[in-house]
Amino acid sequence: MKILILEDEERSGKYLADLVVNYDAALAVVAILPSAKSAVHWLKKNVAPDLILMDIHLEDALVFQIFDEVKITVPVIFTTAYDQYAIRAFKVNSIDYLLKPIQPDELGVALDKYKSMVNHFKEINYRDILERIGQRSPMYKERFMITAGTKITSIESKQVACFILESKVTHLITHAGQKMVVNFNLDELVDVLEPSKFFRINRQFIVSLEAVVSAQVHSSGRVKLQLAPPSKTEVLVSGDRIVTFKEWMGK
């Protein structure tokens, strides 16, 4: 049986490969790929593996982007630190959803499940899996890998003042005033950012609590924010979000 691993952390990828071989020495890990781009290229050029182990946050994008570019018909086991994507994962061939740190026995159970359904998918007990996930404390994104040309920069979430959508491109702005492109849309960011520290105020902005200097009622009835660093774009809380915004600010 041939297994493909998608994992952007080299140590985690090797750890998974070792777990696979320790489970059954007859299994073969055909590749460990760190990015959505490399995965798409590999899947287009090679015979499909029997099973794919997928981390959700790869170095250049969420793994779901791969399904938009390549037709994947083989079973998938997700291996991730984030529990927010479970339902979305089950829509794309998932047979199990394992939360990091991956334990050998957990992976063994998932591989046993695969072996029991080699030629066809059986009905998956989503409720049991979701209940198991719900027992774990939620984990939120701690850093973003930013690629600009050949340079890769790691920005911690606590360094981020806000995210802004401009011309269909999402930018991250740090408390120091740096502006960088991130490979996430605002909907995806809402899922991975800690809600006590970040709030989506409208269709264009997600702001951090630490970046909000002041708030005042705007003539339109909305709330206008002053951020640090200052934004060149007017920052307004949408009318339908004002109540929850005030609750967020007051926690």
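Residues numbered from 1 in each chain as written. Predicted model: local features only at pLDDT ≥ 70, side-chain atom pairs only at ≥ 80, totals over all residues. Heavy atoms only, no water.

A. Structural context of helix 1 (residues 10-23). With 14 residues, helix 1 extends 20 Å between its outermost C-alpha atoms, agreeing within 8% with the 20 Å of an ideal straight helix rising 1.5 Å per residue. Looking only at helix 1, the buried set comprises Ser12, Gly13, Leu16, Ala17, Leu19 and Val20. In an axial view of helix 1, the angular spread of the buried residues amounts to 160°, which keeps them on one side of the axis. Along helix 1, exposed side chains directed more than 90 degrees from the buried face belong to Glu10, Arg11, Lys14 and Asn22. Next to the buried residues of helix 1 lie strand 1 (2-6), strand 2 (28-33), strand 3 (51-54), strand 4 (76-80) and helix 5 (104-116). (Helix = DSSP H or I, 4+ residues; strand = E, 2+ residues; numbered from the N terminus. Expected span 1.5 Å × (residues − 1). Buried < 20%, exposed > 50% of the residue type's maximum accessible area, 1.4 Å probe, protein only. Arc of directions from axis to C-beta. Contact = heavy atoms within 4.5 Å.)

B. Molecular detail of the nonpolar core. Counting 47 residues, the largest nonpolar core has Leu6, Ile66, Phe78 and Phe163 as the members making the most contacts within it. The greatest single-element share of this core, amounting to 5 residues, is contributed by helix 2 (residues 36-45). Apart from residues no more than four positions distant in its own chain, isoleucine 66 is found in contact with Leu6, Ala36, Ala39, Val40, Leu43, Leu58 and Ile72. Counting 18 residues, the second largest nonpolar core, distinct from the first, contains Ile3, Leu53, Leu98 and Ile102. (Core = buried A, V, L, I, M, F, W, Y, C linked by side-chain atoms within 4.5 Å.)

C. Focus on unusual backbone geometry. Backbone torsion omega between lysine 100 and proline 101 reads 0°, so that peptide bond is classified as cis. Alanine 228 connects to proline 229 through a cis peptide bond whose omega is 5°. Looking at the element boundaries, proline 229 is found in the loop between strand 14 (223-227) and strand 15 (236-237). The phi angle at asparagine 93 is positive, at roughly 70°, despite the residue not being glycine. Non-glycine residue serine 167 carries a positive phi angle of around 55°.

D. Examining the pairing of strand 5 (residues 94-99) more closely. Among the 6 residues of strand 5, 6 are classified as buried, and the element is accordingly described as predominantly covered. Relative to strand 5, strand 4 runs parallel, the two sharing 5 bridges. Looking at strand 5, one finds that valine 76 is bridged to serine 94. (Pairing = 2+ DSSP bridges.)

Taken by themselves, the reported measurements are silent on function.
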